Amino acid sequence: MRLWLIIPVLMAAVVGARAPYAQQVDFIIDATLPVRDTDLPYKLNLTLTAVDTTRIGVGALLDLRGAQKIVPERLADNAIVDNCGLQVRLDDISFGAKDDAIDLDGEVTVTLFECSRTSERDFQRGQEKNSILANMSTEATVELRDNCAYIKLIDLTLTAPKAQREQILEDDTLESVKELMLAAVDLVLNETPLCPELPAELASLDPVYESGGPREIGDGGLGILLDGSVDVSPSTILDVLTVLQQQELIPGRP
Amino acid sequence: MASSRLNKGLLICVLLAMLPGCGSKAQDQGGASDATSQTSVSNTDAAFDATGIDPSTYSGQFQVKLTKEVPLRDIPVPFTVYAGLEESSPTRLRLRAFMDLRGLQEKAPQILTGPLEETCKRQIYLDIQDVTAIGETVKVKGSARAQFTRCKRNEEPGFQYFGATVDAIAVAKAEVKGQCLTFSIESADLSPRGFIGTVTNLFGLTDRINEAILEKGGEFLAANPVCPPLPEEFTVLDPIYESGGTREVAPGGMGAAVVGSADVSAETIVKVLAGLKNLGVLEFAE
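Residues numbered from 1 in each chain as written. Chains lettered and ligands numbered in written order. Predicted model: local features only at pLDDT ≥ 70, side-chain atom pairs only at ≥ 80, totals over all residues.

**Some words on the overall build of chain B**
The test is simple: Working definition: helices are DSSP H or I runs of at least four residues, strands are E runs of at least two. Numbering for both runs from the N terminus. Exposed residues have 12 or fewer other C-beta atoms within 10 Å of their own C-beta, buried residues have 20 or more, and partly exposed residues fall in between, where C-beta atoms are placed from the backbone. A pair of residues counts as a contact when their C-beta atoms, built from backbone coordinates, are separated by no more than 7 Å.
For chain B, the count of helices and strands is 7 helices and 10 strands. Taking all 286 residues of chain B together, 45% fall into the buried category. For chain B, the proportion of contacts with a sequence separation of at least 24, taken over those separated by at least 6, is 66%.

**Focus on the sheet that holds strand β8 (residues 148-159) of chain A**
Neighbouring strands of a sheet are bound in pairs by backbone hydrogen bonds; such pairs are parallel or else antiparallel. Residues and elements named next belong to chain A. Stated formally: Strands qualify as paired when DSSP identifies two bridges or more between them. Whenever a helix is involved, its axis is fitted only over the stretch in contact; in every case the axis is a line through C-alpha atoms, and angles between N-to-C directions fall within 0 to 180 degrees.
The strand order across the open sheet formed by 5 strands is β4-β5-β6-β7-β8, and the pairing between neighbours is antiparallel. The two strands at the open ends of the sheet, each matched to only one other strand, are β4 (78-82) and β8. Mean inter-strand twist for the sheet, computed between neighbouring axes without regard to direction, equals 35°. Relative to strand β5 (residues 86-98), β4 is paired through 4 bridges, and the arrangement is antiparallel. Residue pairing across strands places Asn78 opposite Leu90, the latter belonging to β5. Of the strands in this sheet, β4 and β5 touch helix α2 (residues 65-75), which is tilted by about 170° from β5. Those strands touched by helix α4 (residues 173-190) are β4, β5, β6 (101-117) and β8, and its axis lies near 165° from that of β8.

**Notes on unusual backbone geometry**
Residues other than glycine seldom take positive phi values, yet A:Asn147 does so here, at roughly 65°. Looking at the secondary structure, you find A:Asn147 in the loop between β7 (123-145) and β8. What makes A:Asn147 partly exposed here is the crowd of 16 C-beta atoms within 10 Å. Positive phi, normally seen in glycine, also occurs at B:Glu155, with a value near 65°. Among the structural elements, B:Glu155 can be located in the loop between β6 (137-151) and β7 (157-177).

**Thoughts on the sheet that holds strand β2 (residues 38-52) of chain A**
All names here are of chain A. Spatial strand order, β1-β2-β3-β10-β9: 5 strands in an open sheet with antiparallel pairing. Edge positions in the sheet fall to β1 (24-35) and β9 (208-217), since each has one partner strand and no second. Averaged over all neighbouring strand pairs, the angle between strand axes comes to 25°, with direction disregarded. One ladder, built from 9 bridges, connects β2 with strand β3 (residues 55-63); its direction is antiparallel. Paired with Asn45 across the two strands is Leu61, which belongs to β3. In this fold α2 packs onto β2, β3, β9 and β10 (221-231), with an angle of close to 160° to the strand it touches most, β2.

**A short note on helix α5 (residues 234-246) of chain A**
Residue and element names in this part refer to chain A. Put simply, the test is: In a helix, the anticipated span is given by 1.5 Å times the number of residues less one.
With 13 residues, α5 ought to run about 18 Å at 1.5 Å a step, and its terminal C-alpha atoms sit 19 Å apart, in line with that. Within the sequence span of α5, burial applies to Pro234, Thr236, Ile237, Val240, Leu241, Thr242 and Leu244. Trailing α5 by a residue or two, Glu248 shows a phi angle of about 60°, which is positive.

**A closer look at the environment of B:Gly52**
Residues and elements named next belong to chain B. Secondary-structure assignment places Gly52 in the loop between α2 (44-51) and β1 (62-72). The exposure class assigned to Gly52 is partly exposed, which follows from the 14 C-beta atoms found within 10 Å. Taking the C-alpha atoms as reference, Gly52 lies 9.3 Å from Gly253; in sequence the two are 201 residues apart. Apart from residues lying up to four places away in sequence, Gly52 is in contact with Val249, Ala250 and Gly253.

**Concerning the nonpolar core**
Applied cut-off: Think of a nonpolar core as buried Ala, Val, Leu, Ile, Met, Phe, Trp, Tyr and Cys residues chained together by C-beta atoms that fall within 7 Å. By convention here, the domain bounds are inherited from an automatic or database domain assignment.
Counting 108 residues, the largest nonpolar core has A:Ile56, B:Ala97, B:Ile269, B:Val270 and B:Leu273 as the members making the most contacts within it. With 8 residues, helix α7 (residues 266-279) of chain B is the single largest residue contributor to this core. Mapping this core onto the domain boundaries places at least three of its residues in each of domain 1 (30-105 + 229-279) and domain 2 (108-223) of chain B. Dropping the residues within four chain positions of it, B:Val270 is found in contact with A:Gln23, A:Gln24, A:Val25, A:Leu48, A:Thr49, A:Ala50 and A:Ile56. If you look at the next biggest cluster of nonpolar residues, it comprises 12 residues, including A:Leu90, A:Ile132, A:Ala160 and A:Val177.

**A few points about the confidence of the model for chain A**
Residue and element names in this part refer to chain A. How we decide: Per-residue confidence from the prediction method is given by pLDDT, with values spanning 0 to 100.
With 88% of its residues at a pLDDT of at least 70, chain A reaches an overall mean of 83. Least confident of the elements in chain A is helix α1 (residues 6-15), whose mean pLDDT is 41; most confident is β3, at 95. Counting contacts from residues 1-22, a segment whose pLDDT is below 50, to residues more than four positions away or on other chains yields 54 contacts.

**Re the confidence of the model for chain B**
Residue and element names in this part refer to chain B. Mean pLDDT over chain B: 73, with 70% of residues reaching 70 or higher. Here residues 1-49 is a poorly scored stretch, pLDDT under 50, and it has 123 contacts once near neighbours within four places are set aside; other chains count. Across the predicted assembly, pTM comes out at 0.69 and ipTM at 0.75.

Structure (structure tokens):
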């Protein structure tokens, strides 16, 4: 089917007509991000710009607005900290980009249990001691490592309603909950690098990213922009064409 | 001298005509041709033996073969282009292409036979018998019938004051000019038939027929150079075609070879990617 796209072109070649091409080209790529045992869909907006004779500037904007909707749903009612004496559940979470930072807000339910030791290694969770609802708010930023973006929490603030505050403070729970949450979230985020993977056709453009950060898309939409470049040569074109041929998107070899 | 030029002119028209034809039928015939090109790909080695085409005429790191049967005046004409690209320097690509025109050559007499000009003052009809490639030239054998008439008021042909049939054998050669092959007559042998021919010569009318045919054929050649129908992947490179022309494939078979090159910079690569995107082959999102 796509073979036939070549044909109108033959016409164009004969008539001598040439479409005007810009020195910049954009691609929108459907991509997925493996997170634990699921894949999160996102869109990669790739902008290629000729910057000098042998170098193409690459801007990779990861549009995570889809994930922004899905992730809170998936996280809902999931315990991010769950040990013998303490359980922290995310009830309602939302995050978004604001200018060049990521804002994260939500509610967590912190439940304390009795915890008794049953043997050298085992603990037995007992009765529920206490349960409180706290508001969580945090800011995140993006770090660039090994050509991938990592989301990193800057800090985390937990606040509990007045009525429950004394209780919490008494138990000195809030601080330990916060530490545990930070550790748990960072662990997950560290296992979840955002590596913009280019489709096979464009794989010969193997950009090196030099900087990256959060980027607001529209109103509050979460995006991460990576900037880099790639050195090119005539064989870059041949590589792209060869992949297109292998995928039978253009006519085959003689 | 004339009719070969005219025949060549028509050949060119055929080339031109078949290409737009491709466009309109493109969607319907997609599946069928896919299958065709698949088969030809798998028979690579056999194909070389059978085609008689020297692979060095389209050598390159990236090679592509386009095969298509295009109906031309309801006659299906097979058309094949082999092309190759390779890096010739850090900033240049070399391009070689070979067009197998034997299908066209075979069908040419069938396709080309017919009226060339039908005005009230002049009607020229062609009858092509044979098109043969000899080395880097093309020999065209056929005849042309010319009628000279007076125009009626309604611009229809009226009284015919002269008519003659001319047998012609002409040799044409193609030159690369810019992106296109431009044909010209190398030599031609025209002979008006029979007694009328003798009379024609006496009255200097042979010249007039020659002139008419040369004029008409010349117009065709000037207006319709053969521009290699290369894949868009090549066209977006904006190559400079440096040399080429018609070539003989196996004994008598007609083909055309073209060699060119293209400067490649980051800008070109971006352009090529944009071109491929416009073609719809680089699509990664629903």
